Structure formats: structure tokens, C-alpha cells
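What follows is each chain in one-letter form.
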2 protein chains.
Amino acid sequence: MYIILVYDIQVARVAKVCKYLRQHLNWIQNSVFEGQLTKAQLARVKSGLAALTNPEYDSIIIYQLRDARWMNKEVMGVDKNPATNLL
Amino acid sequence: MYIILVYDIQVARVAKVCKYLRQHLNWIQNSVFEGQLTKAQLARVKSGLAALTNPEYDSIIIYQLRDARWMNKEVMGVDKNPATNLL
């Protein structure tokens, strides 16, 4: 599965969440990550995120695509992580 | 086409960009928009964004899916715009 993950996390927790996600996905730009994960890996990442965030204040959206080829990605302006644009 | 748009815009320009995008897409959470656009509509939105942003500092990523059904969307924590979760 190809994952696009965006988050809106309170300042007190965002650094830890970002550090955690860098271990599992590609940092794309502020609060945006992408990457290929299996269902089991995604389940692990979600439980890791649950432990680091407060569901009453923080918001995480996980877009799951069966295949990255079903998506076209276009960057306007600065590409903050060009390495990931090898789709 | 179903669009997921994320941006990382400098403070001086972000309010105008957000206001502009609210006219064309659904606000999902900070710096994240979604919505259905035709190719012509997307072209118009992109030229509007080009006029409002500075490509040397600002970054916009546009994910295009032929159909929203090819994507599964999951929200952890606060759903900042529940109205859009009717996929």
C-alpha cells in the first residue's frame, strides 16, 4: 500500500511524532509523509502514533492507495524532498 | 479527478492562499485541501496559486487520483472537517 500521511499536531508533541514517522516513512514537507507500507507495518505505525498523540487535540489523516501508480503527483514551487519523486 | 492538495507556504502569503483554495476545494486541516476538480478547473486553480505564491520559498503538492474510490482515508484523533468524510 502507498501511504500519504498528513498531520496537525499540537506543538508539545509534534517533534516526537515527526521523529517517529521519519523512521517509517519519507518526510515530504512540513506535516506530510509518504511511503510504501504493508498492512502490518501500517498497523504498527498507527499504534506508535496513538501512543505519541492526544486524540482530543491532534489530527492525523492517512490516505491509503493500493498502488502509487494510481496517483499523479505534481509539485509547484520548492520540492522539499526531491528524492521521493521517483514514482 | 480527486485532488489532495498540501502546501507549505511562508506566513506572508499563507492566508491569501488558504482563502483562495477555500473557494475551490474543501479545507481538511491546516495546509490540507481535498476535492473533485476537472482538468480545466485544476488548471485554473494552479494558475491562481502561481499568482499568489513565490516558487523559491513556497511548496505545493497536488496529488491527483482518477477516482476517490481508489483511496481509503482514515482519520486518527480530531476530524477537523467531518463533512468531507462521505467518500
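Here, every reference points to the structure presented above.
What you see is a predicted model, and the numbers here were worked out from it, not measured in a lab. (Residues numbered from 1 in each chain as written. Chains lettered and ligands numbered in written order. Predicted model: local features only at pLDDT ≥ 70, side-chain atom pairs only at ≥ 80, totals over all residues. Heavy atoms only, no water.)

(A) Structural view of the packing of aromatic side chains. Going through the model one piece at a time under the given rule, you end up with three aromatic pairs over all chains. Residues Trp70 of chain A and Trp70 of chain B carry aromatic rings whose centres are separated by 4.9 Å and whose planes lie at 50 degrees to one another, so their mutual orientation is tilted. Remark: Trp70 of chain B occurs in the loop between strand S4 (59-65) and strand S5 (71-77) and Trp70 of chain A occurs in the loop between strand S4 (59-65) and strand S5 (71-77); the pair is interchain, linking two chains. Classification of Trp70 of chain A by relative accessible area gives partly exposed; the value is 27%. (Phe/Tyr/Trp six-rings, centres within 6.5 Å; stacked < 30°, edge-to-face > 60°. Helix = DSSP H or I, 4+ residues; strand = E, 2+ residues; numbered from the N terminus. Buried < 20%, exposed > 50% of the residue type's maximum accessible area, 1.4 Å probe, protein only.)

(B) Main features of the pattern of salt bridges. Following the criterion strictly, the structure yields 10 salt bridges over all chains and no others. Residue Asp8 of chain B is joined to Lys80 of chain A by a salt bridge in which the shortest nitrogen-to-oxygen separation is 2.9 Å. In this pair, Asp8 of chain B is assigned in strand S1 (residues 2-8) and Lys80 of chain A in the segment after S5, connecting two distinct chains. In this structure, the salt-bridge partner of Asp58 of chain B is Arg13 of chain B, at a minimum N-O distance of 2.5 Å. (Salt bridge = Lys/Arg side-chain N within 4 Å of Asp/Glu carboxyl O.)

(C) Representation of the packing of helix H1 (residues 11-22) of chain B against helix H2 (residues 39-52) of chain B. Residue and element names in this part refer to chain B. At a minimum axis separation of 10 Å, H1 and H2 run at an interaxial angle of 165 degrees. By the angle between their directions, the pair H1 and H2 is classed as roughly antiparallel. For the crossing formed where H1 meets H2, the hand is right-handed. Residues Arg13, Lys16, Val17, Tyr20 and Leu21 of H1 form the contact with H2, whose own contacting residues are Arg44, Val45, Gly48, Leu49 and Leu52. By residue class, the composition of the contact of H1 with H2 is six nonpolar, one polar and three charged. (Axes fitted to C-alpha atoms, helices over the stretch in contact; angles between N-to-C directions. Parallel < 35°, antiparallel > 145°, perpendicular 65-115°, else oblique. Left-handed = near helix turned anticlockwise from the far one by under 90°. Contact = heavy atoms within 4.5 Å. Nonpolar A, V, L, I, M, F, W, Y, C, P; charged D, E, K, R; others polar.)

(D) Local environment of the relation of the copies chain A and chain B. With an RMSD of 0.0 Å, chain A superimposes on chain B once it is rotated by 180 degrees and translated 0.0 Å along the axis. Expressed as an axis order, the relation between the two copies is that of a two-fold axis. In terms of proximity to the rotation axis, the leading residue of chain A is Trp70 of chain A, whose C-alpha is 3.7 Å off the axis. Of the residues that chain A buries at the interface, 100% are likewise interface residues in chain B, meaning the two copies contact each other through the same surface. (Least-squares fit on C-alpha atoms with pLDDT ≥ 70 in both.)

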